[in-house]
Amino acid sequence: MTASPPTERPLEPNDPGGRGSDVETDTGNRLMAAPRVFLPAAGFLVLFTALCVIFTEEAGDLIMAANDAVVGDLGWFYVAVVTGFVFFSLWIALSPMGSIVLAKNDDEEAEFGLFSWFAMLFAAGMGIGLVYWGVAEPLSHYSSPPPGTADNGASAARNASDVTLLHWGLHAWAIYVVVGLAIAYATHRKGRPISIRYALEPLFGDKIKGWFGDVVDVIAIVGTLFGVATSLGFGVQQVGSGLSYLGVVEEAGTPLLVGLIAIITAFALVSVLTGVDKGIRYLSNINMGLAGVLLLAVLLLGPTVFLLGDFITSIGSYLQNFLRLSFDVRPFQGGEGQEWLGSWTTYYWGWWMSWAPFVGVFIARISKGRTVREFVMGVLLVPTLVTSLWFAIMGGSAIYAEMFGNGGLVGEDGVNTDTALFQLFDTLPLSTLLSVVALFLIVVFFVTSSDSGSFVVDMLAEGGSLNPPAWSRAFWASMEGVLAAVLLAAGGLAALQTMSILVAAPFSIIMVLMAVATAKALLGENKVIQRRKRKWLAEQVANELRDSGEIPAIKK
């Protein structure tokens, strides 16, 4: 006698770690929470923007002073926490908990196809930053190696690749895994609204439905807005510099950058109003296709064999030096080491964590029907591999030009991060066409970052609604553009970078709590699943023994 094993269905309300209150109650809580989240978050951002406009110089000085305090005292904490997220993600994926399905029914199919799913999460997770730093960061580390590292040609080039992949590889995506998995489990498995607060329910119970949960969601919204605004600032800075480099405009001054923000934000408004299934999905697919064409063109037009070899070598070197890089806070380099850490590693961890609510919620929203293991491996490994390829080709081409070509990408003042991409294209055939394609790609990335961010922020502000109202989507999309413009005027990219680090400080604590809550929930469900399986196996063995006559059948 044979039978199918019990399915790994979600836990019932009476099960340990079960779903608790029903969806109807959660809907009521969502509706009550909406104004308590929307109004404080919107009020804070409007007030902050107004103060920066009125007291521009003072605001810039205050932002930089706060940055010095955070970088000096919390750099080690950011490094330790983010590395911990990598090991947490791998543990969850490789354990029996990885087989749990992020849906109410275990046989439920994924909402989006694999390519569309990957395209959307990649466009949301990296966006403009990958285009902006693809050439600039490896070249910067090569021309000015981190304190305490070798500065000779070959060693500097290899170290530049390792450090770049540290900032853009497993660590960055592990941050997204922590938030995305916690929200996906709460939403798709337990039927909760999409909201940061419900990811903490296994730890705090009904407390998350009150003021505590409101504070968590407000912090997430503010962090997301500053994180996206930072990327928008990078995007317009590069678009403006590209237009100036190509001779379209004379100078990429603040008025031009603000005008670009206004124009591209208008496109983002149109996209966000069409929702996930149309505008955001289509633009993400266009992004991936266009980025792939640009990458392939640089590979074929540049030193192809060298770049392919660099890609393979960079992966091996990154893995070989992974632990050393992951825990290095450069204490023996003194002030120089701490300054470098704040300008690069601490800044990146802060940037990724400020993006984590937005990217985590967005990935959770599009990941219904996938297993925990598929979610973690898809979010952690595939984007890291593609990112490695991007930097090997873009950054590798730039370093090759400096080492073996005519150079010219590194000036007397170092690397111009705004124009480094276009300078690289000047070393290749079809340089003007490549520059035009790159500018278009940056704009599309700009739009997808803004519309995805606006959609997610609005879901949080509306208490977890999957389809928030159009007027509030438009409000948050506009707010992102205004915030980016104001911060650029207050202190340029330095102010944008600084705010990313600052807003990540409180959210890093929330992320640690989310990891603990997720582990508790998954361990509890896995324990029940394993108990059901053991009971089912025992019944199967008993039935087979009775059928064979080895034990007597129980008389009724």
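What you see is a predicted model; the values in this text were computed from it and never measured.

J.: What is the right way to look at the packing of aromatic side chains in this model?
T.: For any pair of aromatic rings, geometry is given as the distance between the ring centres together with the angle between the planes. Counted according to the given criterion, the structure contains 31 aromatic pairs. Consider the rings of Trp168 and Trp352, whose centres lie 5.0 Å apart with planes at 75°: the pair is edge-to-face. Pair noted here: Trp168 is in helix H5 (residues 153-168) and Trp352 is in helix H14 (residues 345-365), with a separation of 184 residues, a long-range link. Centroid distance Phe204 to Phe212: 4.9 Å. Interplanar angle 50°. Geometry classified as tilted. Judged by its relative accessible area of 28%, Phe204 is partly exposed. Here a set of aromatic residues connected by ring pairs shows up, and it is made of Tyr132, Trp133, Trp168, Trp173, Tyr176, Trp344, Tyr347, Tyr348, Trp351, Trp352, Trp355 and Phe391. The aromatic ring of Trp340 is capped on one face by Arg330, whose charged end is 4.5 Å from the ring centroid. Its end group placed over the ring of Trp117, Arg370 keeps NZ or CZ at 4.3 Å from the ring centre.

J.: Would you mind going over the layout of surface pockets with me for this structure?
T.: In this approach the atoms are scanned with a rolling probe the size of a water molecule, which exposes any empty space left behind. In this structure, the second largest pocket occupies an estimated 270 Å³ of space. Along its surface, the second largest pocket is lined by 20 residues, and Ala157, Arg158, Ser161, Asp310 and Ile399 are the ones closest to its centre. No other element matches the eight residues that helix H15 (residues 372-404) contributes to the lining of the second largest pocket. Here the residues of the lining of the second largest pocket are counted per class, giving ten nonpolar, eight polar and two charged.

J.: Just checking my understanding: could you explain the nonpolar core for this structure?
T.: As a rule of thumb, soluble globular proteins bury nonpolar side chains together. In this structure, Tyr176, Ile196, Trp476 and Met514 are the most contacted members of the largest nonpolar core, which totals 174 residues. If you tally residues by element for this core, the top one is helix H18 (residues 470-548), at 24 residues. Beyond its immediate sequence surroundings of up to four residues, Met514 is in contact with Val178, Val179, Ala182, Ile183, Ile196, Ala199, Leu200 and Phe507.

J.: Looking at this structure, I do not really get the environment of Phe446. What am I missing?
T.: Within the secondary structure, Phe446 sits in helix H17 (residues 431-461). According to the relative accessible area criterion, Phe446 is buried, its value standing at 0%. Considered as a pair, Phe446 and Ala268 are 178 residues apart in the sequence and their alpha carbons are 8.0 Å apart. Setting aside its immediate chain neighbours within four residues, Phe446 contacts Ile128, Leu232, Val236, Ile261 and Ile264.

J.: So what exactly am I meant to see when it comes to the packing of helix H11 (residues 304-320) against H15 here?
T.: Helix-helix packing: each pair is described by the crossing angle between the helix axes and the interaxial distance. Taken N-terminus to C-terminus, the directions of H11 and H15 make an angle of 125°; their axes are 9 Å apart at the nearest point. Classified by the angle between their axes, H11 and H15 sit oblique to one another. Between H11 and H15 the crossing geometry is right-handed. Residues Phe306, Leu307, Asp310, Phe311, Ser314 and Ile315 of H11 form the contact with H15, whose participating residues are Leu385, Ser388, Leu389, Ala392, Ile393, Gly396, Ser397, Tyr400 and Phe404. Within the contact of H11 with H15, the residues separate by chemical class into ten nonpolar, four polar and one charged.

Thresholds, definitions, all that
- Residues numbered from 1 in each chain as written.
- Predicted model: local features only at pLDDT ≥ 70, side-chain atom pairs only at ≥ 80, totals over all residues.
- Heavy atoms only, no water.
- Phe/Tyr/Trp six-rings, centres within 6.5 Å; stacked < 30°, edge-to-face > 60°.
- Helix = DSSP H or I, 4+ residues; strand = E, 2+ residues; numbered from the N terminus.
- Buried < 20%, exposed > 50% of the residue type's maximum accessible area, 1.4 Å probe, protein only.
- Lys NZ or Arg CZ within 6 Å of the ring centre and 35° of its normal.
- 1 Å grid on protein atoms, 1.4 Å probe; cavity = no way out; pocket = protein on both sides within 12 Å on 5 of 7 lines; lining within 4 Å.
- Points joined across faces, edges and corners; volume = space filled by probe spheres on them.
- Nonpolar A, V, L, I, M, F, W, Y, C, P; charged D, E, K, R; others polar.
- Core = buried A, V, L, I, M, F, W, Y, C linked by side-chain atoms within 4.5 Å.
- Contact = heavy atoms within 4.5 Å.
- Axes fitted to C-alpha atoms, helices over the stretch in contact; angles between N-to-C directions.
- Parallel < 35°, antiparallel > 145°, perpendicular 65-115°, else oblique.
- Left-handed = near helix turned anticlockwise from the far one by under 90°.

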